There are 2 protein chains.
Amino acid sequence: MDISGFVTSIITSLSIFFVLLVLHAWLSRQSRNAVIYYPSKLLKGIAPPPQQGFFPWVREAWSVSDDQILQHAGLDATVYMIFLSSAFWICMYTAFFCLPVLLPLSVTDRYFESNSKADFTNFDKAAMGNIAQKSPRLWAFAIADYWLTICTLFVLWKSYKRVMDLRLRDQASFKAKPEHFAVLVRDIPMVSIGSVEEEVDRFFRRLHPTTYETCIVVSNVSEARKLWAELESYRRRLAHAEAVYDQTNIRPKHKSGLLGLLGQTVDSIDYYKEQIERLIPVLRVAQSEVRLKHQQGAAIVIFNSRSAAAMAAQALHSEHGNHWMTMPAPEPGDVMWDNLPIAFVQRTIRQLAVYIFVAITILFYMIPIALISALISLENLEKRLKFLKPITQQPEIRTVLQAFLPQIALIVFLALLPMMLLKLSQFEGIPARSHITRAAAGKYFYFNVFNVFLGVTLAGTLFQSLNSLIKDPTSIVSLLSESLPKQATFFISFIALKFLVGYGLQLSRIIPLIIFHLRKKFLCKTEEEIKDAWAPGAFPYATCIPSDMLILTITICYAVLAPAILPFTIIYFGLGWILMRNQALNVMVSKFESGGRFWPHLHARILAALLLAQVTMLGYFGIKKFLFVPLIIPPPIATLIFAFLCKKSYYRSFSVSPLVASCEDVKEVPSTESIVKAYMPECLIPKRDFIGKSDFENQEES
Amino acid sequence: MDISGFVTSIITSLSIFFVLLVLHAWLSRQSRNAVIYYPSKLLKGIAPPPQQGFFPWVREAWSVSDDQILQHAGLDATVYMIFLSSAFWICMYTAFFCLPVLLPLSVTDRYFESNSKADFTNFDKAAMGNIAQKSPRLWAFAIADYWLTICTLFVLWKSYKRVMDLRLRDQASFKAKPEHFAVLVRDIPMVSIGSVEEEVDRFFRRLHPTTYETCIVVSNVSEARKLWAELESYRRRLAHAEAVYDQTNIRPKHKSGLLGLLGQTVDSIDYYKEQIERLIPVLRVAQSEVRLKHQQGAAIVIFNSRSAAAMAAQALHSEHGNHWMTMPAPEPGDVMWDNLPIAFVQRTIRQLAVYIFVAITILFYMIPIALISALISLENLEKRLKFLKPITQQPEIRTVLQAFLPQIALIVFLALLPMMLLKLSQFEGIPARSHITRAAAGKYFYFNVFNVFLGVTLAGTLFQSLNSLIKDPTSIVSLLSESLPKQATFFISFIALKFLVGYGLQLSRIIPLIIFHLRKKFLCKTEEEIKDAWAPGAFPYATCIPSDMLILTITICYAVLAPAILPFTIIYFGLGWILMRNQALNVMVSKFESGGRFWPHLHARILAALLLAQVTMLGYFGIKKFLFVPLIIPPPIATLIFAFLCKKSYYRSFSVSPLVASCEDVKEVPSTESIVKAYMPECLIPKRDFIGKSDFENQEES
């Protein structure tokens, strides 16, 4: 990618960003847009702050503390901020040395000029590729390798301590939550006498005589849930019809057949009321049947103290390790009920199948991507879609397209992937939604590294590379080391596009704004529907964390090879930190809270990126015939030892509750009834006001 | 190794065995040898059985049941029997197919005859090497591969269930043991205020208010232990001197200087009494100091119920995973006190250092062994030690030496190793002696497989092999497959030697018998000393389990390649089973009991041997150009899946106590005082009768 294309792409991204920034500043001051720009505050009943000065949101995001974010947005969001700030500081500290020392050394050397075989640009001269072989300047790069390692390990160590402190403060918070008292039990062995509920009761009362309270057995609620969903939809439509009637005084009508296109025309309000009254008894019956007939082999067990629940979650109950498997219960809203009854052997086989499928997809995804990259290069497009020629021949448009087409194709293609990975992770049988999201994010990360990073790097020599990889797996080091430096400019414009356009869209929320106003004008009639229209999502962790990790991985690998990438990443993470703090304070509302459980995985992947960089450096020093290559071996070993010590020291306290936290005094202790109610699936709750009047006092209780 | 040498070695081994068998039958009938042949029974107060018929011990060992062995010798011994019988049945079932089908197919083929390049013996014709390439007879060997896999997995599965049943019966036994109520806590953080004991008390009373009883803090007892050992030795010498005086009426004298050779001549009885009276107050002071000054960062914590202890042992106590690390306490006699205070980071570094050292030793031990094998071949010996020539020129002696020298050299050289491995395992910081023994046995097993098995196999082409291994690690498969079949005869005579001579010595206990009678006649004067002289050891698990595993590994690898090895191994394990049952019933007395904890490791290694065999078969089928090689891929995959499922289902219940076992009712519950007394190190017990009179009522209590 040549210099002019590169500069064009940067300037274009910057312009788009400034446009979006100004749009945000203008639109957010209008009160009718407050629900788009401050939904989180509004839902908590806090008024949007007064709009003074330029970009007031920056000042707010800057000045608020970690604890305030913790209270407002939860632990997950705060840990994500710590991740962004760790990434920022890793790049910043590394840049302190790499930029002032390595850049001048690279630019002033003459390897490319004297070696006429290599094709290079002026930009490539600012990278390690320009150093002559066996040059004494390589010593600076060796020192930079150590410096990068020290900075990364230091920042990670401090961040881990910060996260642990936050977690402890959060767990010992003065308000005890229902999940602290609950334990998830799976693989309950089937019994011939009595119900599952009696079996669970008997088992736990024997093992925990003084602390066991009650249990909720997981049941097959598909029938009840279907009926409940139908009733809910009728209720909403009834409310909509009544609102239309109130507003226009015309009783609405609709066709009752397929898709509203066929069948009789009926009066909507009466029709919906009939349907609701018809279905409520059916739901009652389904609810009572669930308890009698459809109990499955898993349960939520409730104890009367937090430390009893914590110990029960960690203890082995049965000598057969695959029966009565216990683990801490997820939050009530986080439970993936359908996955709980899946037995151990089936879960294992499903996991194996998913891993194999994902591995094949990752390894062979490169082929469609490479094909698409080749197909949509500008020349090819012009050949095949000749009508585009007049447009593409314009020199300005041409430069923009040439700069952007490959990146845009990659980004669109990659957008299809997260949905598929989420579905696969769900299929594995994971019991908590937050865990499914984490698993999907993990797969997406590996995908990103293998396909975007390594794939783009090796793309030019793809089949050649695969061939030599199969013959000799250790040649990957030299392959990477040769190819990486050439792709620096591509990645820099990739990063720039992602943050300038991506973050610009995030901040300005243009698309949600447009959709909201369209829906409000044309589709929504009731208060509830309007609220739905502007309801913000949670943080899109499954996609934004892997993207951030990819950019951090790219940067760490290039930090010594081509330090010019560091300023861009510093701006990416700096901007991201400010922006995401604004989103956490004002916009996002999390559906579930995992207690920062993704931190150990982020930590491990940053260390993996560091190892990848160190191994690549080893190879590259070999290519440059550095005389003291064994000096480059200690950093990877130090990284591995650090990773092992961190894992042994901290990892376990992220998956279970340490007793010191469970034994802290709390002001409020939820009652057993409230815990049971929190965990009861919605479709099984006896009383539910579908019509708006309490018709149920006469109905039979389930 | 040629046929005549092979046959000679077998015949010699058989003769030695029969001689030892007859010796045992004759010597064990004599009542003065009863303490050598029936120490276990005598210590429990059971009279030796009447000696009738030939080999009455066989009848007894055969007819006794698992439960009787469990009661008499403990769970470890019973699990070892199950291991021997599993090995026996794996070989037996495999032989049902391999012997009648594969042997005739191999012998009747003509590969070696038609291929004059290979040097072979008649024995080699009875192996897979004799099958022509691409022969349809290879199908039988492919079926044998599957048959071997099915037999091994089936036997292992049934054995695992047997072991689990035994463990559960043992754990829920009607007599609760002290270690069921105790938890070992390490990495206690150092405090500035108050003693460690107060800190532990406070911490556990807060987290376990209703179940915590008391704690024993691990202290630096080296001073007290030294004094106590000195006092013990004086006590024994005093008893010896008094016994001499009683028997001969002469007051014994000895020189009090170095090694009894220098210094004044003193009256023994008075001298020892003086020493004891001098040292007792010093011991008192040391004991009280221990409590005040030398407390270290580990403790045994005692609870008032077994399930509370079980849950506390498995729960995470502190958010810092490397503080307050809890685990189930070992048996009182099993605790390795010196290793308890070693902190987590130091343990990790020690483990890393030991693993690296062991890996280097394993990889490079081959070089000294190969050198020694070359040096002590018969020809070399004759060249260098010419005076041996007249002896070695005798044809009978020559044949024997030629047959045995390599094997004997190997066996002697290997005998030095276990001691070193035990010391290394102790250095790792493992808290329980039984665990140290297991760790040493594990290292010894890897050593055996790499050096004896692979080393002997590749010995001829050692440096060539290493060279190609470094270039291409996957060539190990073809190397193994080419070299293994040639060594079959060597291994058969190795197995024969080990069981015929080794078991013969075990059964006849010639060496302990001779040592006992010598000591009794010349050295022992007191009852206690006589008892010491015949005190039997525990099962030498650290050496006999790796040897058995080595033989099983060799056999599983050869089961399809050269099935002629199977009958020898069947006899080895059959004989071993009978013999070891006799030893368990009559001879061995275990010092500590680990509850069969080595079973998962044995299970894993048998599966590893199976995988090694399957991978070798894959390579060998490739060499023989079998057309359907992909058919050989499912067995390794099935083995891996089986290993994973077993580990997930059963492994954890071997390291911790499942709650179902802890909640079983027991008849006897030990009091807290008795538990504390069981765990108190001997050197800290206040009252101890060194002189034989209670002098201590006037002494100050510690």
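Residues numbered from 1 in each chain as written. Chains lettered and ligands numbered in written order. Predicted model: local features only at pLDDT ≥ 70, side-chain atom pairs only at ≥ 80, totals over all residues. Heavy atoms only, no water.

1. Quick notes on the overall build of chain A
When helices and strands are tallied, chain A shows 29 helices and six strands. Per-residue burial over chain A gives 52% buried out of 702 residues. Within chain A, contacts between residues separated by at least 24 positions form 81% of all contacts whose residues are at least 6 apart in sequence. Summing over all exposed atoms, chain A offers an accessible surface of approximately 32,800 Å²; the carbon and sulfur share of this is 64%. (Helix = DSSP H or I, 4+ residues; strand = E, 2+ residues; numbered from the N terminus. Buried < 20%, exposed > 50% of the residue type's maximum accessible area, 1.4 Å probe, protein only. Contact = heavy atoms within 4.5 Å. Areas by Shrake-Rupley, 256 points an atom, 1.4 Å probe, with all protein chains shown as cover.)

2. Some points on the sheet that holds strand 2 (residues 212–219) of chain A
Residues and elements named next belong to chain A. Read from one edge to the other, the open sheet built from four strands follows the order 2-5-1-6, with strand pairing classed as antiparallel. Every other strand in the sheet has two partners, leaving strand 2 and strand 6 (325–328) as the edge strands with one partner each. Across this sheet, the average inter-strand angle for adjacent strands is 25°, counted without regard to direction. Sheet topology places strand 1 (residues 182–186) next to strand 6; four bridges connect them, and they run antiparallel. Note on strand 6: the bridge partner recorded for R186 is M325. (Pairing = 2+ DSSP bridges. Axes fitted to C-alpha atoms, helices over the stretch in contact; angles between N-to-C directions.)

3. Quick word on the sheet that holds strand 6 (residues 325–328) of chain B
In a beta sheet, neighbouring strands are held together by backbone hydrogen bonds and run either parallel or antiparallel to one another. All names here are of chain B. Taken in spatial order, the four strands make up an open sheet running 2-5-1-6, and their pairing is antiparallel. The outermost strands of the open sheet, each flanked by one partner alone, are strand 2 (212–219) and strand 6. Across the sheet, the axes of successive neighbouring strands diverge by a mean angle of 25°, strand direction being ignored. By the bridge criterion, four bridges tie strand 1 (residues 182–186) to strand 5 (residues 295–303) in an arrangement that is antiparallel. Residue A182 lies in a different strand from strand 5, and its bridge partner there is I302.

4. Details of the confidence of the model for chain A
Low pLDDT marks stretches whose predicted atomic positions should not be read closely. Residues and elements named next belong to chain A. Confidence in the prediction for chain A averages 79 pLDDT; 81% of positions are at 70 or higher. When the elements of chain A are averaged for pLDDT, helix 19 (residues 462–471) gives the smallest value, 54, and strand 1 the largest, 93. The complex prediction reports pTM at 0.79, with the ipTM value standing at 0.77. (pLDDT = per-residue confidence, 0-100.)

5. Section: the nonpolar core
The tendency in soluble globular proteins is for nonpolar side chains to be buried side by side. By size, the foremost hydrophobic cluster in this structure holds 99 residues, and its most contacted members are B:Y80, B:F83 and B:F539. The dominant element in this core, judged by the number of residues it contributes, is helix 6 (residues 75–107) of chain B, at 16 residues. Dropping the residues within four chain positions of it, B:F539 is found in contact with B:A77, B:Y80, B:M81, B:M580, B:A584 and B:M588. Listed in part, the 98 residues of the second largest apolar core include A:L102, A:L500, A:Y541 and A:Y572. (Core = buried A, V, L, I, M, F, W, Y, C linked by side-chain atoms within 4.5 Å.)

6. Some remarks on unusual backbone geometry
For A:W324, which is not glycine, the phi dihedral falls at a positive 50°. Within the fold, A:W324 resides in the loop between helix 12 (306–314) and strand 6. Positive phi, close to 65°, is recorded for B:N249, a residue that is not glycine. Locating B:N249 in the fold gives a position in the loop between helix 10 (222–248) and strand 3 (253–255). For B:N249, a relative accessible area of 61% translates into the label exposed.

7. Here we look at the side chain of A:S425
Residue and element names in this part refer to chain A. Residue position: S425 is located in helix 17 (residues 417–427). Overall, the relative accessible area of 0% leaves S425 in the buried class. Not counting residues within four places of it along the chain, the set of residues in contact with S425 comprises I430, I436, A439, A440 and K443.

8. A short note on helix 28 (residues 634–655) of chain B
The end-to-end C-alpha distance of helix 28 of chain B is 32 Å, a good match for the 32 Å that 22 residues give at a rise of 1.5 Å each. Listing the buried residues of helix 28 of chain B in full gives B:P635, B:P636, B:T639, B:F642, B:C646, B:S649, B:Y650, B:S653 and B:F654. (Expected span 1.5 Å × (residues − 1).)

9. Topic: the packing of helix 8 (residues 138–171) of chain A against helix 24 (residues 541–561) of chain A
Residue and element names in this part refer to chain A. The geometry of helix 8 relative to helix 24 is characterised by a closest axis approach of 9 Å and an angle of 150° between their N-to-C directions. The orientation of helix 8 with respect to helix 24, classified from their angle, is roughly antiparallel. Here helix 8 contributes F141, A144, D145 and L148 to the contact with helix 24, which in turn contributes I556, A559 and V560. Of the residues belonging to the contact of helix 8 with helix 24, the class tally is six nonpolar, no polar and one charged. (Parallel < 35°, antiparallel > 145°, perpendicular 65-115°, else oblique. Nonpolar A, V, L, I, M, F, W, Y, C, P; charged D, E, K, R; others polar.)

10. Section: the packing of helix 8 of chain A against helix 26 (residues 599–623) of chain A
All names here are of chain A. Their axes nearest at 11 Å, the elements helix 8 and helix 26 cross at an angle of 175°. Between helix 8 and helix 26, the angle is such that the two are roughly antiparallel. On helix 26, the residues that touch L138, F141, A142, D145, L148, T149, T152, L153, L156, S159, Y160 and V163 of helix 8 are W599, P600, H603, I606, L607, L610, Q614, M617 and F621. Class assignment of the residues belonging to the contact of helix 8 with helix 26 gives a composition of 15 nonpolar, five polar and one charged.

11. Description of the interface of chain B and chain A
Between chain B and chain A, the residue contacts involve 35 residues of the former and 35 residues of the latter. Between chain B and chain A, roughly 3,100 Å² of surface is buried when both sides are summed, and carbon and sulfur atoms account for 69% of that area. In this assembly, chain B and chain A are joined by zero salt bridges. For the interface between chain B and chain A, the tally reads 14 residue pairs in polar contact (both at pLDDT 80 or more). It is helix 28 of chain B that provides the largest number of residues to the side of chain B that touches chain A, a total of eight residues. The residue makeup of the side of chain B that touches chain A, split by class, is 19 nonpolar, eleven polar and five charged. (Buried area = accessible area lost by both parts, 1.4 Å probe. Salt bridge = Lys/Arg side-chain N within 4 Å of Asp/Glu carboxyl O. Polar contact = N/O pair within 3.5 Å; in protein donor to acceptor, adjacent residues only side chain to side chain.)

12. Observations concerning the relation of the copies chain B and chain A
The two copies are related by a screw operation: chain B maps onto chain A through 180° of rotation and 0.0 Å of translation along the axis, at an RMSD of 0.1 Å. What the superposition gives is, in effect, a two-fold axis relating one chain to the other. A share of 100% of interface residues in chain B that are also interface residues in chain A marks the association as one of identical surfaces. (Least-squares fit on C-alpha atoms with pLDDT ≥ 70 in both.)

13. Some words on the pattern of salt bridges
In this structure the tally under the stated criterion is 16 salt bridges over all chains. Note that A:R225 and A:D338 form a salt bridge whose closest N and O atoms lie 3.1 Å from each other. Residue A:R225 is located in helix 10 (residues 222–248), and its partner A:D338 is located in the loop between strand 6 and helix 13 (344–375); the two are separated by 113 residues in the primary sequence. The class of A:D338 is partly exposed, set by a relative accessible area of 49%. The salt bridge partner of B:E232 is B:R235, with a shortest N-O separation of 3.1 Å.

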